[in-house]
Amino acid sequence: GDTLKVWQELNVDRSGMVSLAELDGRTAYILGSFYDALITKFRDVDEAKKVLFIDGTRGLIRYEFIKTVTSQGLVKQNGADDLFRVLVDPYSGCITPVVTKESINWLHRIAHTLPKAEKHRRRLRGRSNNNNSRDNSPNAGSVYSRGGRDG
């Protein structure tokens, strides 16, 4: 097939890079919204990890993760299961799927590529009348592979 044509169809914004938002906008939005909630609620990612992994556990199984993120007000109940599936750490060494501190580190490394939650877009628009501000569109950023966790 025509590889260039396929690439052009995937690279919607013609940036030369294919973003997660271009491949899977819903997942990119879920991750971006969660990251924004973490940064809004906690001072930084390390503080968030201290709260999420309060007992020093290696990872949170589905039930524990959903209970923790919903009780902290980071995600609504109906979105917590999807978030868990996206953040599961395939390299945790655990038989049961878990979200780990490394999952949160990975999210932090790719956060600059994710679309922001709508409430943050409105707040940013209110601060600046400059239409040339940072691109928070669903097509902003590039894809990073979780494979090998090297970002």
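The coordinates are above.
Fair warning: this is a prediction, and the values are worked out from it, not measured in the lab. (Residues numbered from 1 in each chain as written. Predicted model: local features only at pLDDT ≥ 70, side-chain atom pairs only at ≥ 80, totals over all residues. Heavy atoms only, no water.)

Q: Before we move on, can you summarise a nonpolar patch on the surface with the specific residues and values?
A: The grouping of Val6, Leu10 and Leu23 at the surface amounts to a nonpolar patch, some 250 Å² of accessible area in total. Its location among the elements puts Val6 in helix H1 (residues 3–10). (Patch = residues over 30% accessible without salt bridge, like charges linked within 9 Å, V, L, I, M, F, W, Y side chains within 5 Å. Areas by Shrake-Rupley, 256 points an atom, 1.4 Å probe, with all protein chains shown as cover. Salt bridge = Lys/Arg side-chain N within 4 Å of Asp/Glu carboxyl O. Helix = DSSP H or I, 4+ residues; strand = E, 2+ residues; numbered from the N terminus.)

Q: Describe the nonpolar core, listing the residues and the values that go with them.
A: Looking at soluble globular proteins, one finds that nonpolar side chains tend to be buried together. Counting residues in each nonpolar core, the largest one holds 31 residues, and the members touching the most others are Phe34, Leu38, Phe65, Leu74, Leu87 and Leu107. With 7 residues, helix H3 (residues 25–41) is the largest single contributor of residues to this core. The contact partners of Leu38, leaving out residues within four places of it in the chain, are Ala48, Leu52, Leu74, Ile104 and Leu107. (Core = buried A, V, L, I, M, F, W, Y, C linked by side-chain atoms within 4.5 Å. Buried < 20%, exposed > 50% of the residue type's maximum accessible area, 1.4 Å probe, protein only. Contact = heavy atoms within 4.5 Å.)

Q: Could you give an account of the packing of aromatic side chains, naming the residues involved and the relevant values?
A: Given two aromatic rings, their pairing is described by the distance between the two centres and the angle made by the two planes. Tallying each qualifying case throughout the model produces 2 aromatic pairs. A ring pair is formed by Phe65 and Phe84, whose centres lie 5.8 Å apart and whose planes are at 50°; its orientation type is tilted. Of the two residues, Phe65 is situated in helix H5 (residues 62–71) and Phe84 in helix H6 (residues 77–87); the sequence distance between them amounts to 19 residues. A relative accessible area of 1% places Phe65 in the buried class. Taking the relative accessible area as the measure of exposure, Phe84 reaches 5% and is therefore buried. Three or more aromatic residues joined by ring pairs form one cluster here, namely Phe34, Phe65 and Phe84. (Phe/Tyr/Trp six-rings, centres within 6.5 Å; stacked < 30°, edge-to-face > 60°.)

Q: For the pattern of salt bridges, give the residues involved together with the corresponding values.
A: Here the structure, examined in full by the defined rule, presents 8 salt bridges. Linking Arg43 and Asp44 is a salt bridge whose minimum nitrogen-to-oxygen distance equals 3.7 Å. Given a relative accessible area of 27%, Asp44 falls into the partly exposed group. Between Arg85 and Asp82 there is a salt bridge, and its shortest N-O distance comes to 2.4 Å. Residue Arg85 and its partner Asp82 are located together in helix H6, separated by 3 residues, close to a single helical turn. By relative accessible area, Asp82 is classed as buried at 16%. Each of Arg26, Arg62, Asp81, Asp82 and Arg85 takes part in salt bridges that share partners, so that together they form one network.

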